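In case you want the letters, here they are:
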Amino acid sequence: MTAPKTTAIAQTLSAISPFVGPETNERARGKPFAARLGANESVFGPSPKAIAAMQDAAKDVWMYADAECFELRNALADYHGLSADNILIGEGIDGLLNYVVRLFIEPGDCVVTSAGAYPTFNYHVAGFGGKIETVPFKDDREDPDALLDKARECAAKLVYIANPDNPMGSWHNADVIEDMIARLPDGCLLILDEAYIEFAPEGTAPEWDMDNPQVLRMRTFSKAYGMAGARVGYAIGHPDLIRDFGKIRNHFGASRISLEGAVAALADQDYLVQTQDNVARSRARIAEAARANGLEPLPSATNFVTIDCKSDSAFAKRVLSELMERDIFVRMPFNPPQDRCIRISTGPEREMELFEEALPKALTAARAED
Ligand SMILES: *Cc1c(COP(=O)(O)O)cnc(C)c1O
């Protein structure tokens, strides 16, 4: 029996997820985590109205979802003051990143991102044989000038920036992003990942400009709306750009239950405000715990706080594993010099107490190993 060969590109890749999931960690540890603060999920949960809508939709799950996602696209269009033609629904931003790379990248095409930025994007680029060029962060922020210089240098078809950024929680004001857009080289598409935009200060998101075919913005129900497991994200852009995705997207990829949940979540803006308040309070609390233990919390426009452990990567890794040892699931940036930090997702009272209790003990243990 001879199996067919995988593609030449697949043969160069390893079958590794860009993120090790907490469930994988739990199986390896042989016990569950007490606090799940590593994946920037919203531990505050979704709106009760979204939960009710999803429960109600469960009985209809024998039907495929509407392939045009008409209701959610129109609800999002109303919400943002755009047209439904500007909106594409996908299986989270992760799914949309796959589509955009599939649509634009042939083997050898140049793609630009920051070293240590969101790794799922790089994963998809590799899957289509794209050539990734990276530029360093500058002062713990993604660097629009360096991204543009590199894009020009390699005639990039795609350039990626997350604003606010993961894993640092940093952000640029809208004028910086607008200036970046104005200076994009011809033939280059900016992917503006706004997964955390609902947590950012006013003036972070650029004005909508649906006439520009060089910008694709991405948002999600996974973070502020607390629906990471539902897998609903959306891209916003020029109608021609959005229409092109119809050539390659998984038309029945959205779950009927998830779409109903997203429509209800969007309609419950009071709950979003409540989550934003909860996140702001929890951010302050994580920052205070960090300072109380001699560490430095970085400013954050997201639902997590990145903490500078004021030493090297080896030390940050020890702090991380000592926290995991104490049943607190957290993550850290992959790349130097950001990997001197650990990254803590916000959460409610119980999770914050567990973190505050574990942090000094984890630090003492990590310092003792020095
Ligand atoms: C969490 C995250 C995503 C993933 O969003 P999904 O919609 O759940 O796929 C995308 N981009 C960044 C920067 C993120 O941190």
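Residues numbered from 1 in each chain as written. Predicted model: local features only at pLDDT ≥ 70, side-chain atom pairs only at ≥ 80, totals over all residues. Heavy atoms only, no water.

## Focus: the overall build of the chain
Point 1. Secondary structure summary: the chain contains 13 helices and twelve strands in total.
Point 2. Rg of the C-alpha trace for the chain: 21 Å, near the compact-globule value of 21 Å for 370 residues, within the 12% margin.
Point 3. Along the first, second and third principal axes, the C-alpha set of the chain runs to 60 × 60 × 50 Å.
Point 4. Residues classed as buried in the chain amount to 54% of the 370 residues present.
Point 5. For the chain, restricting intrachain contacts to residue pairs at least 6 apart in sequence, the fraction spanning at least 24 positions comes to 73%.
Point 6. Total accessible area on the chain is roughly 16700 Å²; 52% of this is exposed by carbon and sulfur atoms.
Point 7. With 38 positive and 55 negative side-chain charges, the chain shows a spacing of 5 Å between the two charge centroids. (Helix = DSSP H or I, 4+ residues; strand = E, 2+ residues; numbered from the N terminus. Rg over C-alpha atoms; globule rule 2.2 N^0.38 Å. Buried < 20%, exposed > 50% of the residue type's maximum accessible area, 1.4 Å probe, protein only. Contact = heavy atoms within 4.5 Å. Areas by Shrake-Rupley, 256 points an atom, 1.4 Å probe, with all protein chains shown as cover. Lys, Arg positive; Asp, Glu negative; His and termini not counted. Charge placed at Lys NZ, Arg CZ, Asp CG, Glu CD.)

## A closer look at helix 13 (residues 349–368)
Point 1. The terminal C-alpha atoms of helix 13, which comprises 20 residues, lie 29 Å apart, in line with the 28 Å expected from a rise of 1.5 Å per residue.
Point 2. At Ala358, helix 13 shows its largest bend, some 30°, and a proline, Pro360, comes one to four positions later.
Point 3. For helix 13, the full list of buried residues reads Glu351, Met352, Phe355, Ala358, Leu359, Ala362, Leu363, Ala365 and Ala366.
Point 4. Next to the buried residues of helix 13 lie strand 1 (35–36), helix 11 (269–292), strand 10 (304–308), helix 12 (313–325), strand 11 (328–329) and strand 12 (341–345). (Expected span 1.5 Å × (residues − 1). Bend = angle between axes of the 7 residues up to and from the residue.)

## Structural notes on the sheet that holds strand 6 (residues 189–193)
Point 1. One open sheet accounts for seven strands, arranged 2-8-7-6-5-3-4; its pairing is mixed. Edge positions in the open sheet fall to strand 2 (87–90) and strand 4 (131–135), since each of these has one partner strand only. Taking the axes of each pair of neighbouring strands and ignoring which way they run, one obtains an average angle of 20° across the sheet.
Point 2. Two strands pair when backbone bridges link them, and strand 5 (residues 158–162) and strand 6 are joined in this way by five bridges, in the parallel orientation. (Pairing = 2+ DSSP bridges. Axes fitted to C-alpha atoms, helices over the stretch in contact; angles between N-to-C directions.)

## As for the pairing of strand 7 (residues 215–220)
Point 1. The element strand 7 is largely enclosed, with a buried count of six among its six residues.
Point 2. Burial of strand 7 is two-sided: the residues Val215, Arg217 and Arg219 facing one way and the residues Leu216, Met218 and Thr220 facing the other way are all buried.
Point 3. The pairing of strand 6 with strand 7 spans four bridges and is parallel. In the sheet register, Ile191 faces strand 7, and the bridge partner there is Leu216.

## Description of the UniProt feature "domain: Aminotransferase class I/classII large" (unreviewed entry) in the chain
Point 1. As recorded in UniProt, the sites labelled "domain: Aminotransferase class I/classII large" (unreviewed entry) are residues 37–354.
Point 2. The distance from the first to the last C-alpha atom of residues 37–354 is 10 Å, and the span holds 39% helix and 15% strand. (UniProt positions renumbered as here; feature names shortened; annotations may be inferred.)

## So, the site of the ligand
Point 1. Close to the ligand lie 13 residues, the nearest being Asp193, Tyr196, Thr220, Ser222 and Lys223.
Point 2. In this structure, an oxygen atom belonging to the ligand sits 2.6 Å away from a side-chain N or O atom of Tyr196.
Point 3. Residue Thr220 places a side-chain N or O atom 2.5 Å away from an oxygen atom belonging to the ligand.
Point 4. Among the elements that line the shell around the ligand, the one with the most residues is helix 5 (residues 92–104), at three residues. (Near = heavy atom within 4 Å. Polar contact = N/O pair within 3.5 Å; in protein donor to acceptor, adjacent residues only side chain to side chain.)

## Describing unusual backbone geometry
Point 1. Between Asn163 and the following residue, Pro164, the backbone shows a cis peptide bond with an omega angle of -5°.
Point 2. In this model, Pro336 is joined to Pro337 through a cis peptide bond whose omega is -5°.
Point 3. Mapped onto the secondary structure, Pro337 falls in the loop between strand 11 and strand 12.
Point 4. For Ala155, which is not glycine, the phi torsion reads 50° and is therefore positive.
Point 5. Here Ala155 lies in the loop between helix 7 (144–153) and strand 5.
Point 6. Its relative accessible area of 58% is what places Ala155 among the exposed residues.

## Details of the state of the cysteines
Point 1. Applying the stated rule across the entire model yields one disulfide.
Point 2. Sulfur-sulfur distance for the disulfide between Cys110 and Cys154 comes to 2.0 Å. Taking the sign of the torsion about the S-S bond as the criterion, the disulfide between Cys110 and Cys154, at about -70°, is left-handed. Placement of the pair is Cys110 in strand 3 (residues 110–114) and Cys154 in the loop between helix 7 and strand 5, with a sequence separation of 44 residues.
Point 3. The thiol sulfur of Cys309 is not disulfide-bonded, and the nearest other cysteine sulfur, from Cys341, lies at 6.8 Å.
Point 4. Accessibility expressed as a relative area gives 3% for Cys309, which makes it buried. (Disulfide = S-S within 2.5 Å.)

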